[in-house]
Amino acid sequence: MSTTDPKHILVIMGSPRKGNTFHACEMFRELLEQEIPVQFDYIWLKDLTLHPCRGCLLCFTKGEQACPIHDDIPKIWEKMRKADAVIFASPVYAMNVTSLMKLMIDRFSFTFHRPEYFDKKAFLIATTGALGHEEVLKYLADVAGIWGFEVTGKAGLVTPIPVPAHLAERNQKTLQNAAHAFSEALRRSRRRSPGLKDVIIFHGQRAAFSQLMTQSPADYQYWKEKGWLDKKVKYFVPLPVNPLYHAIGVLVEWIATKKVKKDLITSSGAKE
Ligand SMILES: Cc1cc2nc3c(=O)[nH]c(=O)nc-3n(C[C@H](O)[C@H](O)[C@H](O)COP(=O)(O)O)c2cc1C
């Protein structure tokens, strides 16, 4: 791909209507276009056939293809895998993401165990009448981060009806600054090094999945095939890891390994 090819940005739209969140995304697109060529593609969750997770755990243990629900979720996997970057956009509903967004996230739960989007950036947009946008942005940042995305920006916009002039101005400024920073991130091909939390998550998960060959073979096999079970591997992708973060990660893994071992012995004893 040449540097002038537009970046393909997929918007996962959690709002059930073309309202504030859509307008924020469109404003963001216009601002981004002033910085870098981009092509936006919207997934309107409201227009897809999506059913809630039934809790069978087959996606964890046997793989996502074993999910007994046959609906439009694979369309989202496919589009997400092709995109250069993903924007997760949701209004605040009852102090959280909308049920549409949460349903989609629940159905992607296997991705918390088998992260894959390490070559992609994520941007987060939350709109709200007054409150809850910080919490929603934090939640979406945790989700996208654990799925493997490099979360490179976010915008929380307060959009009461009508939006007073000072808030409209503040929202415009927020999006402007965010578009500038996100365009810089899109130009960078290299990922930034993982933070402490990322390193801890890697080691904590390795402690679990390295021992779950019987209980969760799909997870175990994925980790094994990726080479992540090799103790020399310090993170999901080959990036410099801060030595202090690594030392803390190793300690976390040692403690978590003992705990998982103990839990597995207790649970197999309980079954007998
Ligand atoms: C069902 C519902 C729940 C909402 N819950 C909250 C809330 O908890 N806190 C808040 O400040 N605003 C809340 N709002 C306001 C929306 O977050 C706000 O209007 C948002 O910008 C709507 O986005 P949209 O126009 O894309 O639908 C709620 C709105 C609806 C319809």
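So, how was this worked out
Residues numbered from 1 in each chain as written. Predicted model: local features only at pLDDT ≥ 70, side-chain atom pairs only at ≥ 80, totals over all residues. Helix = DSSP H or I, 4+ residues; strand = E, 2+ residues; numbered from the N terminus. Rg over C-alpha atoms; globule rule 2.2 N^0.38 Å. Buried ≥ 20, exposed ≤ 12 C-beta atoms within 10 Å, placed from the backbone. Contact = placed C-beta atoms within 7 Å. Domains from an automatic or database assignment. Nonpolar A, V, L, I, M, F, W, Y, C, P; charged D, E, K, R; others polar. Near = placed C-beta within 6 Å. Pairing = 2+ DSSP bridges. Right-handed = clockwise from strand over helix to strand, strands pointing away. Axes fitted to C-alpha atoms, helices over the stretch in contact; angles between N-to-C directions. Core = buried A, V, L, I, M, F, W, Y, C linked by C-beta atoms within 7 Å.

Attention now moves to the overall build of the chain. Along the chain, the regular secondary structure elements total ten helices and five strands. For a compact globule of 272 residues, the expected C-alpha radius of gyration is about 19 Å, and the chain comes in at 20 Å, within 12% of that figure. Along the first, second and third principal axes, the C-alpha set of the chain runs to 65 × 40 × 35 Å. Per-residue burial over the chain gives 33% buried out of 272 residues. For the chain, restricting intrachain contacts to residue pairs at least 6 apart in sequence, the fraction spanning at least 24 positions comes to 79%.

In many reports, interface size means the accessible area that the parts give up when they come together. On domain assignment, one finds that the chain holds domain 1 (7-187) and domain 2 (196-271). The straight-line distance from the C-alpha centre of domain 1 to that of domain 2 is 28 Å. Residues of the side of domain 1 that touches domain 2, tallied by class, amount to four nonpolar, five polar and two charged.

In the vicinity of the ligand there are 18 residues, among which G19, T21, P91, T127 and G129 approach most closely. Of all elements in the fold, only helix 1 (20-33) and strand 4 (121-128) reach the threshold of two or more residues within the shell around the ligand. Looking at the shell around the ligand residue by residue, the classes come out as eight nonpolar, nine polar and one charged.

This part covers unusual backbone geometry. At the junction of I161 and P162, the peptide bond is cis and its omega measures out at -10° in the coordinates. Non-glycine residue A94 carries a positive phi angle of around 50°. Among the structural elements, A94 can be located in the loop between strand 3 (85-91) and helix 4 (99-107). Overall, the presence of 8 C-beta atoms within 10 Å leaves A94 in the exposed class.

Here we take up the pairing of strand 5 (residues 150-158). Burial within strand 5 is extensive, with eight of its nine residues counted as buried. Here strand 4 pairs with strand 5 via eight bridges, running parallel. Its bridge partner being in strand 5, T127 is matched across the sheet by L157. Following the chain from strand 4 across helix 6 (residues 133-146) to the adjacent parallel strand 5, one finds a crossover that is right-handed.

Moving on, we come to helix 9 (residues 217-226). Burial in helix 9 covers these residues: A218, D219, Y220 and W223. Phi for G227, located one or two positions after helix 9, is positive at around 85°.

The subject of this paragraph is the sheet that holds strand 3. Read across the open sheet, the five strands follow the order 2-1-3-4-5; overall the sheet is parallel. Two strands close off the open sheet at either side, each with one partner strand: strand 2 (38-44) and strand 5. Pairs of neighbouring strands in the sheet enclose a mean axial angle of 20°, with direction left out of account. Alignment of strand 3 against strand 4, held across seven bridges, turns out to be parallel. Bridge pairing in strand 4 places A85 opposite K121. Sitting on the sheet, helix 1 touches strand 1 (7-13), strand 2, strand 3, strand 4 and strand 5, and the angle it makes with strand 4 is about 135°.

This part covers the nonpolar core. Of all hydrophobic cores here, the largest spans 43 residues; its most connected members are V11, I12, V86, I87, F88 and I125. Elements with a contribution of two residues or more to this core: strand 1, helix 1, strand 3, helix 4, strand 4, helix 6, strand 5 and helix 7 (165-187). With residues up to four places along the chain from it excluded, the contact list for I125 reads T21, A24, C25, F28, I87, A89 and A155. Judged by nonpolar contacts, the second largest core, of six residues, contains V199, I201, F202 and F236.

Mapped onto the elements, A185 comes out in helix 7. By the C-beta count within 10 Å, which is 19 here, A185 ends up partly exposed. Sequence-distant contacts of A185, defined by excluding residues within four places in its chain, comprise K121, T152 and G153.

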